[in-house]
Amino acid sequence: MAGLHSHHPPEDCLNCEHRHLRMFCNLTPEALADYDAIGIMMSHARGAKLFSEGDAARNVFVICYGQVKISSTSRDGKTMILKIAGPGDVMGLSAVLANVAHEVTAEAIEPCQVKTVRKQEFVDFLGRHGIASMHAAQSLSGEYLTVFHDAKRLALSGSAAGRLARLLLDWGTAAAPGKPEIRFTMALTHEEIANMAGTSRETVTRLLNQFRRDQWIVIKGASLTIVKPDQLERLTA
Amino acid sequence: MEAETKSGRLSTIAAHPLAELLECPPETGKLLNGTAACTVCEAGDVVFRQETECKGLYVLVSGQFVRSTERMKARLTLGPARAGELVELAAALGDGHHTYTLRALTQGTILLLTKESLQLAFESYPPLRMRLLEELAREVSRAYISCSLTRKTPARRQSAGANPG
């Protein structure tokens with residue numbers, strides 16, 4: 001979960017001051033000029049659905065700023081959140097390249113700007129630029145790891161406290177890589193966090209209060225700081 | 001989406017045959033064959049271990065293998081891998097670290113296409129990269145669908161006295 005990003009929307013890819021920080025958009029000048037010429041920038045309000053599970057995959061979406069909830073329906077028909085995608089993340093790529101319908105639903109959880117590129121335009125772009133296909137491979141690899149770690153977290157963490165601790169640590173590490181302070185914006189509700197941690201909303205509320213009382217975390221509004229990561233890490237064992 | 005529909009979709013995104021995936025002009029084929037490393041392993045041998053650096057793309061030529069993952073003292077068996085399979089596309093093309101551990105169940109042979117030789121092959125014949133990228137996309141799609149088929153959302157607590165943990 002990335003909480004540290006600018007809310008100043010870039011006007012185009014060539015003048016985007018953040019592209020060096022983004023995995024996909026950090027392209028060579030030639031590829032960047034080509035990338036800038038394809039697709040359109042679209043702004044989405046909180047709650048807007050970019051695509052739904054089962055929809056034909058007609059576009060690839062690259063997040064410029066904002067956060068998007070990626071969810072799927074479980075066997076018992078309930079919604080489960082797989083990840084929170086942030087700036088630089090590419091959405092819909094696996095469905096477009098595998099030529100299948102979207103496997104997941106993408107919904108903005110805050111106002112966001114997304115570059116939307118038509119399927120064939122994007123595939124042609126990858127074909128023209130080796131660096132873009134390399135970044136696409138890294139993006140797909142990241143998606144694969146997300147699904148894998150999600151399944152692993154649920155299967156191998158014995159307790160709800162361990163699964164919640166793992167989730168907070170993962171989000172913290174993603175939002176503040178290498179920084180001494182592990183802080184991120186918690187954009188999800190307790191119900192949604194419960195969904196990701198494989199537990200109930202009541203348990204999430206109870207555990208977050210417990211972690212706060214133990215001074216392992218500090219919560220100020222939507223901002224969560226992990227003060228004692230080693231204690232949380234111990235819970236995941 | 002119904003579970004049956006999802007199961008049906010899994011079959012439409014099955015892995016493509018190896019010969020089709022690695023098909024390339026003779027000079028690119030020679031390049032890959034010339035640098036490929038062939039390893040014979042015995043039952044119980046670890047081909048690669050989770051979280052170690054991925055050296056390239058593994059082609060399972062013969063034998064039976066099993067994928068597993070572990071965290072601390074817990075281990076989870078992910079499933080079998082058989083001859084004819086291309087293994088660790090995600091690690092070879094992307095992240096660079098093994099997602100799981102691959103162990104031989106029987107005696108077998110494995111061909112390793114190193115990352116360096118793959119890179120040269122991609123430069124010599126770009127459609128190969130695109131084909132492998134599409135195969136990785138199918139693998140991601142299968143992972144999404146399998147995950148939603150196997151995962152159950154947690155039930156709400158039924159009584160105040162229940163232990164949710």
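Please read all numbers here as calculations on a predicted model, not as lab measurements.

Take the overall build of chain A next. Helices and strands together make up the secondary structure of chain A, namely eight helices and 11 strands. In terms of C-alpha radius of gyration, chain A reaches 18 Å, essentially the compact-globule figure of 18 Å for 237 residues. Principal axes of the C-alpha set define a box for chain A whose edges measure 55 × 40 × 30 Å. Counting over 237 residues, chain A shows a buried share of 57%. By element, 50% of the accessible surface of chain A is carried by carbon and sulfur atoms, the whole surface being about 9,800 Å². The averaged location of the 25 negative side-chain charges in chain A is 7 Å from the averaged location of its 26 positive side-chain charges.

So, about the nonpolar core. Core analysis: the largest hydrophobic core is formed by 84 residues, its most contacted members being Phe 24, Tyr 35, Met 91, Leu 97 and Leu 126 of chain A together with Leu 132 of chain B. Looking at this core, the element that brings in the most residues is helix α6 (residues 126–150) of chain B, giving 11 residues. Residues in contact with Phe 24 of chain A, not counting those within four places in the same chain, are Tyr 35, Val 62, Gly 88, Val 90, Phe 122, Phe 125, Leu 126, Ala 132, His 135 and Ala 136 of chain A. One finds Leu 168, Met 186, Ala 197 and Leu 232 of chain A within the second-largest nonpolar core, a separate group that totals 29 residues.

What follows is about the packing of helix α5 (residues 160–175) of chain A against helix α7 (residues 201–213) of chain A. When two helices pack together, their arrangement is captured by the angle between the axes and the distance separating the axes. All names here are of chain A. It is the contact of α5 with α7, at a shortest axis distance of 10 Å, that shows an interaxial angle of 70°. In terms of their interaxial angle, α5 and α7 are classed as roughly perpendicular. Contacts from Ala 160, Ala 161, Leu 164 and Leu 168 of α5 reach α7 at Thr 203, Val 204, Leu 207, Leu 208 and Phe 211. For the contact of α5 with α7, the class distribution of residues is eight nonpolar, one polar and no charged.

So, on to the packing of aromatic side chains. Residue and element names in this part refer to chain A. Taken as a whole, this structure holds 10 aromatic pairs over all chains when the rule is applied. Judged by centre distance (5.6 Å) and plane angle (70°), the rings of Phe 24 and Tyr 35 are edge-to-face. A residue pair is termed long-range when its members are at least 10 positions apart, and Phe 24 in the segment before α1 (29–37) and Tyr 35 in helix α1 qualify at 11 residues. Residue Phe 24 shares its accessibility class with Tyr 35, and that shared class is buried. Ring-pair connections join several aromatic residues into one group, and the members of that group are Phe 24, Tyr 35, Phe 122 and Phe 125. The aromatic ring of Tyr 35 is capped on one face by Lys 115, whose charged end is 4.5 Å from the ring centroid.

To continue, consider the environment of Ser 43 of chain A. Structurally, the position occupied by Ser 43 of chain A is in strand β1 (residues 40–44). Through-space distance from the C-alpha of Ser 43 of chain A to that of Leu 208 of chain A is 33 Å; in sequence the pair is 165 residues apart.

Looking now at the sheet that holds strand β3 (residues 59–65) of chain A. All names here are of chain A. Spatially, β1-β8-β3-β6 is the arrangement adopted by the four strands of the open sheet, whose pairing is antiparallel. Of all the strands in the sheet, the pair left with one neighbour each is β1 and β6 (90–91). Contacting β3 and β8 (112–118), helix α3 (residues 119–128) runs over the sheet at an angle of about 80° to β8.

Glycine aside, the phi torsion of most residues is negative, and most peptide linkages are trans. A positive phi is found at Gln 215 of chain A, a non-glycine position, where the angle reads about 60°. Structurally, the position occupied by Gln 215 of chain A is in the loop between α7 and β10 (217–220). With a relative accessible area of 54%, Gln 215 of chain A lands in the exposed category. Even without being a glycine, Glu 51 of chain B presents a positive backbone phi close to 75°. Its location among the elements puts Glu 51 of chain B in the loop between β2 (46–48) and β3 (56–62). Glu 51 of chain B gets classed as exposed once you look at its relative accessible area, which sits at 57%.

Another aspect to go through is the pattern of salt bridges. Tallying each qualifying case throughout the model produces eight salt bridges over all chains. In this structure, Lys 83 of chain A and Asp 89 of chain A form a salt bridge, with 3.6 Å as the shortest nitrogen-oxygen distance. A salt bridge links Glu 135 of chain B to Arg 138 of chain B, with the shortest nitrogen-to-oxygen separation between them at 2.7 Å. In this pair, Glu 135 of chain B and Arg 138 of chain B are both assigned in helix α6, three residues apart and thus about one turn of the helix distant. We note that Glu 135 of chain B, like Arg 138 of chain B, is buried. Connected through salt bridges with shared partners, the residues Arg 166, Asp 170 and Glu 233 of chain A form a single ionic network.

Rules behind the numbers
Residues numbered from 1 in each chain as written. Chains lettered and ligands numbered in written order. Predicted model: local features only at pLDDT ≥ 70, side-chain atom pairs only at ≥ 80, totals over all residues. Heavy atoms only, no water. Helix = DSSP H or I, 4+ residues; strand = E, 2+ residues; numbered from the N terminus. Rg over C-alpha atoms; globule rule 2.2 N^0.38 Å. Buried < 20%, exposed > 50% of the residue type's maximum accessible area, 1.4 Å probe, protein only. Areas by Shrake-Rupley, 256 points an atom, 1.4 Å probe, with all protein chains shown as cover. Lys, Arg positive; Asp, Glu negative; His and termini not counted. Charge placed at Lys NZ, Arg CZ, Asp CG, Glu CD. Core = buried A, V, L, I, M, F, W, Y, C linked by side-chain atoms within 4.5 Å. Contact = heavy atoms within 4.5 Å. Axes fitted to C-alpha atoms, helices over the stretch in contact; angles between N-to-C directions. Parallel < 35°, antiparallel > 145°, perpendicular 65-115°, else oblique. Nonpolar A, V, L, I, M, F, W, Y, C, P; charged D, E, K, R; others polar. Phe/Tyr/Trp six-rings, centres within 6.5 Å; stacked < 30°, edge-to-face > 60°. Lys NZ or Arg CZ within 6 Å of the ring centre and 35° of its normal. Pairing = 2+ DSSP bridges. Salt bridge = Lys/Arg side-chain N within 4 Å of Asp/Glu carboxyl O.

The values reported here are purely geometric and, on their own, carry no functional implication.
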